[in-house]
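For reference, the chains in residue letters:
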Amino acid sequence: MTSVAIIGLMWRNILDSNTGILNAVLGDLGLPQQNWLTTAPLATFVGITVWQESGYVMLLFLAGLQSIDPQLHEAARIDGASASKRLWKIALPMLAPTTLFVVLVGMIGSLQQFGLPYIVTNGGSGNETSLYVYQVYRETFTSGNLGYASAMSFLLLVVIVALSIIQLRVGRMKEAIL
């Protein structure tokens, strides 16, 4: 739960192909050095984002687990349900709203990703990490196409709202089934 700027600078220093800490460790171990930010930059950003968001997600799931009434587990245990049955029949269905929230917020955050590509690679060589919001930034501040950038932003809003509605409806249907 650290600032995107701090995380971007930290990972840029770790993954830099010339002066990065990770390549120094690989060199010390006799392993070949890698160009982390140019060979698979999107995969690298996915890994960084998972690392960045995992604490937040764990905190949400911990809160969700603690909100489950312990008497449900106790009753299932007394009725002879195994630990795996209690997990699949009690814990996971009760965590459905938390899971829906985590997936929805994660989807919105990934569609709005700007900070990491900007700080770590500045769009990358050949625009490999030039994600949608980064393109909006370029259209606005580099090209000066304010109208086009505004239309791109509005399109992103429409996509986010549409995907959110779909996820909420699917999530509500799954909750009704459980």
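The shown structure was predicted, so the numbers you read here are calculated from the model rather than taken from an experiment.

Enquirer: Looking at this model, I keep getting lost on the side chain of Ser-164. Mind explaining?
Expert: Examined against the element boundaries, Ser-164 turns out to sit in helix α10 (residues 146-177). Beyond its immediate chain neighbours, meaning those up to four positions away, Ser-164 contacts Leu-104, Met-107 and Ile-108.

Enquirer: Could you clarify how one ought to interpret the packing of helix α1 (residues 4-15) against helix α4 (residues 41-66) in this entry?
Expert: Packed helix pairs are specified by the crossing angle of their axes together with the interaxial distance, meaning the distance between the axes. For the pair α1 and α4, interaxial distance at closest approach is 12 Å and the crossing angle is 130°. Relative to α4, the element α1 lies oblique. In terms of crossing hand, the pair formed by α1 and α4 is right-handed. Along its contact with α1, which presents Val-4, Ile-7, Met-10, Trp-11 and Leu-15, the element α4 presents Thr-44, Ile-48, Trp-51 and Gln-52. Split into classes, the residues belonging to the contact of α1 with α4 amount to 7 nonpolar, 2 polar and no charged.

Enquirer: I'm lost on the packing of aromatic side chains in this one. Help?
Expert: Aromatic ring pairs are reported here in terms of the distance separating the ring centres and the angle at which the planes meet. Using the criterion set out here, one finds 8 aromatic pairs in the structure. Ring centres 5.3 Å apart and planes at 20° place the aromatic pair Phe-114 and Tyr-118 in the stacked group. A ring pair is formed by Tyr-137 and Phe-141, whose centres lie 5.3 Å apart and whose planes are at 45°; its orientation type is tilted. With Tyr-137 and Phe-141 both in helix α9 (residues 132-142), this residue pair falls 4 residues apart, about one helical turn. Judged by its relative accessible area of 25%, Tyr-137 falls in the partly exposed class.

Enquirer: Just to check I follow, could you spell out the layout of surface pockets for this structure?
Expert: A probe matching the size of a water molecule, rolled over the atoms, marks out where space remains unfilled. Considered as a void within the structure, the largest pocket measures approximately 560 Å³ in volume. If you trace the largest pocket, you find 22 residues lining it, with Thr-49, Glu-53, Gly-109, Ser-110 and Gln-113 closest to the centre. Elements represented by at least two residues in the lining of the largest pocket include exactly α4, α7 (96-111) and α8 (115-121). A per-element tally of the lining of the largest pocket places α4 first, with 10 residues. Class assignment for the residues of the lining of the largest pocket results in 12 nonpolar, 9 polar and 1 charged.

The rules behind the values
- Residues numbered from 1 in each chain as written.
- Predicted model: local features only at pLDDT ≥ 70, side-chain atom pairs only at ≥ 80, totals over all residues.
- Heavy atoms only, no water.
- Helix = DSSP H or I, 4+ residues; strand = E, 2+ residues; numbered from the N terminus.
- Contact = heavy atoms within 4.5 Å.
- Axes fitted to C-alpha atoms, helices over the stretch in contact; angles between N-to-C directions.
- Parallel < 35°, antiparallel > 145°, perpendicular 65-115°, else oblique.
- Left-handed = near helix turned anticlockwise from the far one by under 90°.
- Nonpolar A, V, L, I, M, F, W, Y, C, P; charged D, E, K, R; others polar.
- Phe/Tyr/Trp six-rings, centres within 6.5 Å; stacked < 30°, edge-to-face > 60°.
- Buried < 20%, exposed > 50% of the residue type's maximum accessible area, 1.4 Å probe, protein only.
- 1 Å grid on protein atoms, 1.4 Å probe; cavity = no way out; pocket = protein on both sides within 12 Å on 5 of 7 lines; lining within 4 Å.
- Points joined across faces, edges and corners; volume = space filled by probe spheres on them.

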